Every structure is written in C-alpha cells, then in structure tokens.
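Observations on the three-dimensional arrangement
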Amino acid sequence: MAEPVRGSEVAELLGALIRNRCVSSFDAGASNGTESVNAATLRAVVEGPGVDVDWHEAIDGRASLVARIAGSDPTAPSLALMGHTDVVPADETDGWTHDPFGGELVGGEVWGRGAVDMLNQTASMALTIRRLADEGFRPRGDLVFWAVPDEENGGLQGAKQVIDTAHDLVRTDFALTEVGGAARRTPDGLVVDAAVSDKGMGVIGIVLRGRQSHASLPHGADNPVLKAAEAVRRIDEWRPPVRISDPWRRWVAAQGFDAELAAALVDPDRLDEALDLLPPGMAPHAHACTRCTAVPTVVKGGEKINTIPQSVELGINIRPALGDSADAMAEELRDLLSDLIGPDDLFAFQQDATASPVDTPLWDVLAGVTARAHGGAALVPAMLAAWTDASWLRPAGTATYGFGLLSEKLSPEEYWSRFHGVDERIDLESLDLSAIGWYEVAKQFLG
Ligand SMILES: [Zn+2]
C-alpha cells in the first residue's frame, strides 16, 4: 500500500504521547524531564525491518531516539525529520475544556498539551518512517528521524548535547522541524509559512547592589530597588537598530500588501510607523522580526517591608535579530547600565539569530508539495520571532526549515495562540496533511 499514513493513525499515536505527560520543567536553575517515556513509545513504532534505531541517553530519563533508513548513495544529500518529545506544563484548573493530558479525540480534534507543539509532528514523522520502510523505500541519501528531548528549555540537554557529543548519530545535510504550515489568504492567493530563521536568544542576569538599612531613614540610603527601577526604565527605552534582513524582505513581498505599505515595511526609517497599518495581530511579529528585543521578566529582591535590601536581581530576556551580534547587543546593555552596576554584576548567555538559505533543492521540493496539498498555494520563507532547535542545527552545518502542512481552516492567529496555551488541540485534517507532507517530501527529495 503506497500511500501516506492517515490522520486517524497519527491521532492515536499523538494521544499516547500526550498521555505520557513528558513535561520538561525548570526547577532550581536546572532543566529536567522524562522524555525517555515518549522516546520508548516512538521506538515501538519505528522499530522493524529497514530501520536502524539508536537510543542516546547521556542524561538519565532524557533519551534521544534516532531512526534511520540508510541511503544507497553516500554522496547524496541526507535529510532529518526532527521532532521534540517534551511539552511545557499545563494545569487543568486554568480552564481547559478537556483534560490537558488526556489526548482525547473529541469533535474531530485531538486535545492536550503538545497537540500543536509539537507532538503532532513528531508522531506523524515516526509513523511515516515506518510506513516508508514497510513499502521498501530506499532513499538515495539517509533519511533520519530524530526524536529529541529538552527543546522547551533550550536544548542544552537535548539537541545541543547530542550535537556536541555524538554528532555523527544525527548529522545530516538538511533537516525539517517546527514551525511551519500556517496558511493565510492574501489578495494574491493562499500563502503558507515555512520558517527559515529563528531569532537569537539570551538570558541576562543583573545584580543591583546597595546597602541594607532601616526603611525609616531613606535620606542618603543606598537603595538597590531604585537602581533596579532605573535599569528597567532604560532597558524599556533602549532602541536597538532596525534590521531589514533578506528573509524579512521575502516575507513582506509575499503577503499581498499594497505597494506603499510593502515599501514602508522594508524601510528602517518608516517601518515603525507602518506597524499600525498591518492586519490585526501582525504588528508584534513584524516588530520582533526586525530588531533585537530585551524584556525584563524577572525581579527578585527585598524580603521585609521595613528593610532596604542589600541587592536586587533582574532577569532580562534578550532576543537578537538576524544581522545583530548577540555579544554586541549584550555589551550595549552593559554600557547602558554601567553607572548602576559593577563590572561583575551582569551575567549573559546569548546566541545569535540563525537562518538557512532558500535557494536549495529541498526548498523547491517543499514548495511543490505545499502547492499540491493546498491547490497552488505559495510557500513563503518566514522568520520566527521565537526559538527552536533549528538554532542548534544551523550552526552545526545543517540547512534547517520549520515546515508543516495544516488545514486552511486553522488561521495563523488561532494556531499560534494554541502554543503553550489553554485548549491546545489539532484537527484530523491537519494531521492528514502533516503525514502527506513528510511522506511526499521524503520520496521526492530522497527518492
Ligand atoms: Zn516546539
């Protein structure tokens, strides 16, 4: 039977993965998770004739599963389908309509944490590898399925760990992972996003120091809470340069905007005025894709209402744009605060934004598969304001896209609102399309 896996089969496996409850959490400064449970469920799916399976568990309970259909031509390009196996926490008391870890199929949709991010794709990837092997598919280059833990906490115990210590296990020329597939009607027809770049990511910790003293005597006191307020005010007013990157230009050009708006959106001097003219919901995305952002998210300090504290800590989430040096952005922040902090009072960990080229044979295959699945839709290179494991793959030499196929009925705004949201769910048509996507791409690109 030479045909893709059906959405109903994906729904069954997706439900099982959701019920496994592989939440990756962050406690006491460390990422932890139990993704080996999902990896084991997936191993049972992919194991069998024609598929080589590796189990990489460098950190207890956090296994990567790597399944490979070996290629016949060592010089042919190889392709990985990479899906993460962890999910963010969900609390049923937040108003979920159905149990967030029930994985139930209700009203033609699978409900639960991970239904869009991204156990749906991980499930359809695994089933597709098994299906292709059962059909006797012999790719030219290797076809690899990589189920990876710890994406939701930045991949230091997942993708990064494997690439650093066992790269040969997962090294491929190309990879597909989240996030893609949102379809939007434009005056020029249907366009479907596939991510070609991720923003950078960084964590900046700042300590503001003062001197502990009695709150009854503020005159002449050294109060770090006031310094923290000043630091937050400066960070909010910081205006890093606007970056008009190649992926941004391509994305704007494909949206069917009128000529005046399209021109303003790629002009650094006019971009910010144009944000208000965008369709509802699009401005935050356009703003974030075109500059480094730095957002204060954590404030810690002060325990007693009648005591001026000794110090206050701030946590800043910094996300450099394509074209920024992440190190230079952190340095700018340090300069901005230099009179408020000492030389050792700012701790930074940051990564540059990444991008993959669009002029590749894989992109052409993705565009063809998308057009066929959606009646002539155009595949559009999109920028992620967020971060995915692609941020580890690209610097390691793998051209990586966030790709998927989703039902046209699922609007981009609705789709994005389900990421880490209440009532996360996915419809059967999207699961059908997702399976068709991996199947057709593998056959056309590697066949
Ligand atoms: Zn994800």
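Parameters at a glance
Residues numbered from 1 in each chain as written. Predicted model: local features only at pLDDT ≥ 70, side-chain atom pairs only at ≥ 80, totals over all residues. Heavy atoms only, no water. Phe/Tyr/Trp six-rings, centres within 6.5 Å; stacked < 30°, edge-to-face > 60°. Helix = DSSP H or I, 4+ residues; strand = E, 2+ residues; numbered from the N terminus. Buried < 20%, exposed > 50% of the residue type's maximum accessible area, 1.4 Å probe, protein only. Polar contact = N/O pair within 3.5 Å; in protein donor to acceptor, adjacent residues only side chain to side chain. Contact = heavy atoms within 4.5 Å. Domains from an automatic or database assignment. Buried area = accessible area lost by both parts, 1.4 Å probe. Salt bridge = Lys/Arg side-chain N within 4 Å of Asp/Glu carboxyl O. Nonpolar A, V, L, I, M, F, W, Y, C, P; charged D, E, K, R; others polar. 1 Å grid on protein atoms, 1.4 Å probe; cavity = no way out; pocket = protein on both sides within 12 Å on 5 of 7 lines; lining within 4 Å. Points joined across faces, edges and corners; volume = space filled by probe spheres on them. Core = buried A, V, L, I, M, F, W, Y, C linked by side-chain atoms within 4.5 Å.

A look at the packing of aromatic side chains
Taken as a whole and judged by the stated rule, the model has 8 aromatic pairs. For the ring pair tryptophan 248 and tryptophan 251, a centre distance of 5.5 Å and an interplane angle of 20° mean the geometry is stacked. Of this pair, tryptophan 248 and tryptophan 251 both sit in helix α6 (residues 246–253), 3 residues apart, which is roughly one turn of the helix. Pair check on accessibility: tryptophan 248 and tryptophan 251 agree, each one buried.

Quick look at the side chain of serine 64
Residue position: serine 64 is located in strand β4 (residues 64–69). Given a relative accessible area of 1%, serine 64 falls into the buried group. A polar atom in the side chain of serine 64 sits 2.9 Å from the side chain of tryptophan 146. With residues up to four places along the chain from it excluded, the contact list for serine 64 reads Asp54, Trp55, His56, Trp146, Ala147, Val148, Pro149 and Val162.

Brief notes about the domain arrangement of the chain
Looking at the assigned domains, one finds that the chain contains domain 1 (7–186 + 354–446) and domain 2 (201–241 + 291–351). Taken residue by residue, the interface counts 8 residues in domain 1 and 4 residues in domain 2. Both faces combined, the contact of domain 1 with domain 2 buries some 480 Å², and carbon together with sulfur accounts for 66% of it. Of all residues in domain 1, Met383, Trp387 and Trp392 bury the most surface against domain 2, accounting for 56% of the area lost on that side. Where domain 1 meets domain 2, there are 0 salt bridges. On inspection of domain 1 and its partner domain 2, the count reaches 1 residue pair in polar contact (both at pLDDT 80 or more). Elements with a contribution of two residues or more to the side of domain 1 that touches domain 2: β18 (354–355) and α12 (390–393). When its residues are assigned to classes, the side of domain 1 that touches domain 2 shows 6 nonpolar, 2 polar and no charged.

Concerning empty space enclosed by the protein
One pass over the full model with this rule turns up 2 cavities of 30 Å³ or more. The computed volume of the largest cavity comes to approximately 40 Å³. In terms of residue class, the lining of the largest cavity is built from 4 nonpolar, 5 polar and no charged. Within this model, the second largest cavity holds a volume of roughly 30 Å³.

Some details on the nonpolar core
One finds Leu79, Leu143, Phe145 and Leu176 to be the most contacted residues of the largest nonpolar core, which totals 74 residues. With 9 residues, helix α14 (residues 428–446) is the single largest residue contributor to this core. Residue contacts for leucine 176: discarding those within four places in its chain leaves Leu79, Ala80, Leu81, Met82, Met125, Leu362, Leu366, Tyr401, Phe403, Trp438 and Val441. With 22 residues, the next largest nonpolar core counts Val191, Leu261, Leu322 and Met383 among its residues.

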